[in-house]
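Read off the chains here:
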Amino acid sequence: MAVKMDFVNSLEKILPSRRPRLLVKGGEMLANEKFAFQVSFSSSDQNHIGCQLKVQSPISDRITVRKVDYVMGLHTLRPDHDGYILGEDEKVFPDILRPPSPEGESVPISANTVFWVDVHDEGGIPAGEYEIKFFLYGRDGALLAGDSYILKVLSGKIARENGLILTNWLHSDCICEYYGLSPMSDGYFSMLKKYMECAARHGLTMVYVPLFTPPLDTKMGGERLTVQTVDVKAEGGTYSFGFEKLDRYIDTAISCGIKYFELSHLFTQWGAEFCPKVMAHTQEGYKRIFGWEDRADGERYRDFLAQLLPKLTGYLERKGIAERSFIHISDEPNETSLSRYGGHRKFMKQFTKGIKYMDALSHFEFYGKGYVDLPAVSLSAVERFSGVKGKIMVYNCCSEYKNFLSNKFLNMPSLRTRVLGIQLYRNRVRGYLNWGFNFYNSALSLKRINPFLVTDADGGFQAGDPFVVYPGSDGPLDSLRLELFFHSVQDYNALLALEQKMGRDFVDGLLERHGFKQNFTDYPREENSFLKFRSEVNRLLSE
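Since we're looking at a predicted model, the values are computed, not measured.

Chemist: Where do I start with the packing of helix H10 (residues 504-513) against helix H11 (residues 527-542) in this structure?
Modeler: Close contact between H10 and H11 brings their axes to 11 Å; oriented N to C, the two are set at 155 degrees. Classed by the angle they form, the pair H10 and H11 counts as roughly antiparallel. Where H10 crosses over H11, the handedness of that crossing is right-handed. Residue-level contacts link Phe506, Leu510 and Leu511 of H10 to Phe533, Glu536, Val537 and Leu540 of H11. Of the residues in the contact of H10 with H11, the class split is 6 nonpolar, no polar and 1 charged.

Chemist: Looking at this model, I keep getting lost on the packing of aromatic side chains. Mind explaining?
Modeler: For any pair of aromatic rings, the description rests on two quantities: the centre-to-centre distance and the angle between the ring planes. Applying the stated criterion across every chain, the model contains 37 aromatic pairs. A centroid spacing of 5.9 Å and a plane angle of 50 degrees characterise the contact between phenylalanine 212 and phenylalanine 304, whose relative ring orientation is tilted. Taken together, the positions of phenylalanine 212 in the loop between strand E13 (206-209) and strand E14 (231-235) and phenylalanine 304 in helix H4 (residues 299-319) put the pair 92 residues apart, joining distant regions of the chain. The burial state of phenylalanine 212 is the same as that of phenylalanine 304; both residues are buried. Through pairs of rings, three or more aromatic residues link up here, namely Tyr178, Tyr179, Tyr195, Tyr440, Phe452, Phe467 and Tyr470. Positioned above the aromatic ring of tyrosine 425, the side-chain terminus of arginine 504 is 3.8 Å from the ring centre. The ring of phenylalanine 404 carries arginine 525 above its face, with NZ or CZ at 3.7 Å from the centroid.

Chemist: Just checking my understanding: could you explain the sheet that holds strand E2 (residues 23-24) for this structure?
Modeler: Remark on secondary structure: sheet strands pair via backbone hydrogen bonds, oriented parallel or antiparallel. Spatially, E2-E1-E4-E9-E6-E7 is the arrangement adopted by the 6 strands of the open sheet, whose pairing is antiparallel. Each edge of the open sheet is held by one strand with a lone partner, namely E2 and strand E7 (92-98). Alignment of strand E1 (residues 3-9) against strand E4 (residues 35-43), held across 7 bridges, turns out to be antiparallel. Residue pairing across strands places valine 8 opposite glutamine 38, the latter belonging to E4. With respect to the sheet, helix H9 (residues 480-502) is in contact with E4, strand E6 (63-72), E7 and strand E9 (113-119), its orientation differing from that of E7 by roughly 75 degrees.

Chemist: Mind showing me how you'd approach the sheet that holds strand E22 (residues 393-395) here?
Modeler: Spatially, 8 strands are ordered E12-E23-E22-E21-E20-E19-E16-E13 in an open sheet, and the strand pairing comes out parallel. A strand with exactly one partner marks an edge of an open sheet, and here the two such strands are strand E12 (165-168) and E13. Here the strands of the sheet are splayed against their neighbours by 25 degrees on average, with no regard to which way each runs.

Chemist: Just to check I follow, could you spell out the pairing of E1 for this structure?
Modeler: Regular strands have side chains that alternate between both faces of the sheet. The element E1 is largely enclosed, with a buried count of 6 among its 7 residues. Bridge count for E1 against E2 is 2 bridges, and the pairing is antiparallel. Across the sheet, the residue bridging to valine 8 is leucine 23, located in E2.

Chemist: Looking at this structure, how should I read H10?
Modeler: Each full turn of the α-helix corresponds to 3.6 residues, which orients residues three or four apart in the same direction. Among the residues of H10, those classed as buried are Arg504, Val507, Asp508, Leu510 and Leu511. Mapping the buried residues of H10 onto a view down its axis gives an arc of 160 degrees, with all of them on the same face. Seen from the open side of H10, the exposed residues pointing more than 90 degrees away from its buried face are Asp505 and Arg513. Taken together, the buried residues of H10 touch helix H8 (420-426), H9 and H11. Looking one or two places after H10, you find glycine 515, whose phi comes out positive at around 95 degrees.

Procedures and definitions
- Residues numbered from 1 in each chain as written.
- Predicted model: local features only at pLDDT ≥ 70, side-chain atom pairs only at ≥ 80, totals over all residues.
- Heavy atoms only, no water.
- Axes fitted to C-alpha atoms, helices over the stretch in contact; angles between N-to-C directions.
- Helix = DSSP H or I, 4+ residues; strand = E, 2+ residues; numbered from the N terminus.
- Parallel < 35°, antiparallel > 145°, perpendicular 65-115°, else oblique.
- Left-handed = near helix turned anticlockwise from the far one by under 90°.
- Contact = heavy atoms within 4.5 Å.
- Nonpolar A, V, L, I, M, F, W, Y, C, P; charged D, E, K, R; others polar.
- Phe/Tyr/Trp six-rings, centres within 6.5 Å; stacked < 30°, edge-to-face > 60°.
- Buried < 20%, exposed > 50% of the residue type's maximum accessible area, 1.4 Å probe, protein only.
- Lys NZ or Arg CZ within 6 Å of the ring centre and 35° of its normal.
- Pairing = 2+ DSSP bridges.
- Arc of directions from axis to C-beta.

Encoded structure:
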């Protein structure tokens, strides 16, 4: 046939004009995990338009097929990168996963056409071998290609719960601005729920809660759209607070399966010097009462916090989530702000009994002095916390582009993203944080961007860093990278299930033999080695 069909392992990013490498005839999965593979088509004779892909299988009701769309990435590398990339000249990458068009898809001569196939049943698929037949038909109904994929379902299962705290910051202002929704409106909450459902469906267990408009990635003196969930009424130096919107936000998250809550930063990023934007109802109307012009340690803001924090703590206790809630002080504080940061924590602690504090940081002193209960440590700085790994989370962002550290950039091999789950297990950390679930702004929020066209925050970050979902017309569209993250969580759950069966020492020994060291830089970087390891885990769980 003039159209060639290939089955490809999910660990390969199939670039537009490259022949796929990880060709397979089938695969294996544990009974209750979500398994994925790819079907790639290429034409040698002509451009075929309006093609329809049909699937036949005894487990067809457990199969979902999505089209893989390509996106542009302009800023994809830094000069001192480590070489573990897809290519120095690559600018187009597979990423968007969307439902196939009812009008069909094209198979051009000049590029691969790729579909992402998921097989999943939470209740578990009975063990056995299943044939999955694929047929590609042209616009005229003629058969262009056909082949069968053999899926072996094993009897073993991954653990359902893992106890990890996993978060990727959800940016409410980006939802409102992209979809034209008013913050805290019914339409906003309806769309917010779809984004939260997507997050929870992909293994995330914590959500970022905007008490006030988050002081994140904002130029000094600038501001982002107001999305605060705490209503404030200011009368002179007296403040009263309403938590109805916050309650709706929390309830929405709980209904989606979210368990943990991180309360937005109460001081500005990179130093905790100034106040976040706080809007209030006053005698002069609804206006901003705190912002960049206000010192964070000023008497007026401290008086505001002294009135807010006891009320907030009481709300969290009544809601039954105080033990699962964490307060942020300032994102990525540096060593020059240690004293200031510590002063804020000491002041706030007296009003927040029982509430823990967390922040993303790289300097041990913030944890060593007791200023942070749960630090989320940059992967590039995690060895500074080597003695307390079991008490920390880890995070990655724009700095994790060398030393083979895991990240979600478009120009990184899939394995580099997926290895994270095994590393979380191997290093016994408590969880993972990332800053960009849906950041659809330029760096410093100077302007909005179209995420379908701009994947690097207008050149501010490496492509893929700002978001892992695309704003579809009716809700978020998953990315290939988000699916890789979820598969990494499943890897963790598989190891946890094996630990429950064989013991922790056995699992650690198995990881060591396969080259997964107890750090975040040393691991097998060849896909077949990774797959061989995972196959052994599957076999052990199924014996």
